[in-house]
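# A look at the structure
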Amino acid sequence: MTSLLQSLERRVVAAPMAGGPTTPELVAAVGAAGGLGFLAGGYLTADALADRIADTRDLTAVPFGVNLFVPADLDRDRDRAAVQEYADRLRFGARRLGAKLGSIDWHDRDHFEDKVTLLLDDPVAVVSFTFGIPPKHVIEALHACGTEIVITVTDPDEALAAARAGADALCIQGAAAGGHRSTHDAAAIPNEDSWTELLRRCRSVSALPLIVGGGIMTRAQVEFAVQSGAAAVQCGTAFLLTDEAGTSAAARAGLSDRTLTQSVVTRAFSGRPARGVRNEFIEQFDDFAPPVYPVVDQLTKPVRAAAAADGNYQWVSLWAGTGWEAARPGPAAAVVEALHPTRLVRPQAVSSGGGADLD
Ligand SMILES: Cc1cc2nc3c(=O)[nH]c(=O)nc-3n(C[C@H](O)[C@H](O)[C@H](O)COP(=O)(O)O)c2cc1C
């Protein structure tokens, strides 16, 4: 990863954003602007991911990455009753939208093994992993193909484990980040540490190149990150409203509704903690969702789809980081350009302070 990160013209990585926002067009545009784009492999079958890789290659010759979710084994006997209780709560709302709850698959592994096979048969420059550390044989096989490996971490323990497992770089996700927190244990309560705090603490356990993210929306933040020793920044929310993003019309409308004023971390939509803009769905269900990912995600999927088709953004997941109000429409290249550091800031110690990321 050192080589790829070092060859970047711009220190900006466009975060993989599964569920729609990431498109081949977005990945290609970010690469053309000198950044690093990532296809989001989460939720896709291997065939669908293969199509997106092919489409991206049709658009660009610049290297790009692919992101995969690391699956965890589910404990049906332990969690079935809690899931049933949550489903009973959701059902009434689902009916109002004319939707049924999704069916449950306790063996869902997000097609992980098939997608790894695809990436071994047809390698890409870099693969990043979220929600955990992939098995050793996967890391070894990808390395043997020349693929560099990034593992997303949310605390120093995860950073140490990822470094020991053979990652080439770590992606440090601060608490301000939009979308799912990449805690390696789905049931863990995520910390509230900013990337600035985590950068300092993870640096003390690993000398690997560190990509940082979570609430980064301005050039000043990127300059601070680079000055603090980050190899690059990973931004998702800043790209959500760009022309090339596949963000749904309903989500675009919700993210632009200034009467929605809070971003919160919730398990309500998927069972895993994830940050999004607080809407009616979160208000109604946040207190009740069991920590059973991806089963809760399976249940709510048709409900979210029905709401999105109706343009009802009160019932879709408006995943976004704390800086969402600064997201703007326009070309993705303009976002890369606006974030790229143009000067070095005064050297300073990385803050050891609390939850908020630097503005
Ligand atoms: C809509 C959305 C979807 C996301 N999907 C993924 C994903 O599929 N894989 C992943 O590793 N991270 C995902 N993330 C998290 C990003 O990798 C990154 O941590 C986050 O965007 C950084 O914070 P920011 O959104 O404030 O820039 C997603 C973020 C958002 C906003």
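None of the values given here were measured: they were computed from a predicted structure.

### Some points on the sheet that holds strand β7 (residues 179-180)
Ordered by their spatial adjacency, three strands build an open sheet running β7-β11-β10, and the pairing between neighbours is antiparallel. Across the chains shown, the open sheet's two edge strands, defined by having one partner strand only, are β7 and β10 (263-266). As defined by bridge partners, β10 adjoins strand β11 (residues 274-277) across four bridges and the pair is classed as antiparallel. In the strand pairing of β11, Val265 is matched with Arg275.

### Considerations on unusual backbone geometry
Going from Tyr293 to Pro294, the amide bond is cis rather than trans, its omega being 5°. Despite not being glycine, Asp110 shows a phi value in the positive range, around 55°. Within the secondary structure layout, Asp110 lies in the loop between α4 (76-96) and α5 (112-121). Note on Asp110: relative accessible area 12%, which makes it buried.

### Here's the deal with α5
Every buried residue of α5 is listed here: Phe112, Lys115, Val116, Leu118 and Leu119. Summarising the axial view, the buried residues of α5 lie within an arc of 155°, below the 170-degree limit, and thus occupy one face. On its buried face, α5 sits against α3 (46-59), β3 (65-69), β4 (126-130) and α6 (136-144).

### Let's talk about the environment of Ile139
For Ile139, the position within the fold is in helix α6. Sequence separation between Ile139 and Val127 is 12 residues; the distance between their C-alpha atoms is 9.7 Å. With residues near it in sequence (within four places) discarded, Ile139 still touches Pro134, Ile149, Ile151, Ala165 and Gly166.

### Topic: the sheet that holds β3
Read once around its circumference, the closed barrel built from eight strands follows the order β1-β2-β3-β4-β5-β6-β8-β9, with strand pairing classed as parallel. Along the sheet, successive strands turn relative to each other by an average axial angle of 25°, direction set aside. Note: β4 against strand β5 (residues 148-153), four bridges, orientation parallel. Considered in β5, the bridge of Val126 is made with Glu148.

### Here we look at helix α13 (residues 332-339)
The α-helix advances 3.6 residues per turn, and as a result positions three or four apart in sequence lie on the same side. Burial in α13 covers these residues: Ala332, Val335, Val336 and Leu339. The arc that holds the buried residues of α13, viewed along the axis, is 100°, so those residues lie on one side.

### Notes on the pairing of strand β9 (residues 232-235)
Alternating residues of β9 divide into Ala232 and Gln234 and Val233 and Cys235, and every residue in both groups is buried. Relative to β9, strand β1 (residues 12-14) runs parallel, the two sharing three bridges. Bridge assignment links Val12 to a residue of β9, and that residue is Val233. For the segment spanning strand β8 (residues 210-213), helix α9 (residues 219-227) and β9, crossover handedness is right-handed.

### Some points on the packing of aromatic side chains
Where two aromatic rings form a pair, the distance of their centres and the angle of their planes describe that pair. Tallied over the full model, the rule gives 11 aromatic pairs. Ring geometry for Phe281 and Trp315: centres 5.3 Å apart, planes at 80°, overall edge-to-face. Placement of Phe281 in helix α11 (residues 280-285) and of Trp315 in the loop between α12 (295-309) and α13 is noted, with a sequence separation of 34 residues between them. Under the relative-accessibility criterion, Phe281 is labelled buried at 0%. Taken together through their ring pairs, the aromatic side chains of Tyr86, Phe269, Phe281, Phe285, Trp315 and Trp319 make up a single cluster. A cation over an aromatic ring shows up here: Arg272 above the ring of Tyr293, its NZ or CZ 5.7 Å from the ring centre.

Criteria and cut-off values
- Residues numbered from 1 in each chain as written.
- Predicted model: local features only at pLDDT ≥ 70, side-chain atom pairs only at ≥ 80, totals over all residues.
- Heavy atoms only, no water.
- Pairing = 2+ DSSP bridges.
- Helix = DSSP H or I, 4+ residues; strand = E, 2+ residues; numbered from the N terminus.
- Buried < 20%, exposed > 50% of the residue type's maximum accessible area, 1.4 Å probe, protein only.
- Arc of directions from axis to C-beta.
- Contact = heavy atoms within 4.5 Å.
- Axes fitted to C-alpha atoms, helices over the stretch in contact; angles between N-to-C directions.
- Right-handed = clockwise from strand over helix to strand, strands pointing away.
- Phe/Tyr/Trp six-rings, centres within 6.5 Å; stacked < 30°, edge-to-face > 60°.
- Lys NZ or Arg CZ within 6 Å of the ring centre and 35° of its normal.

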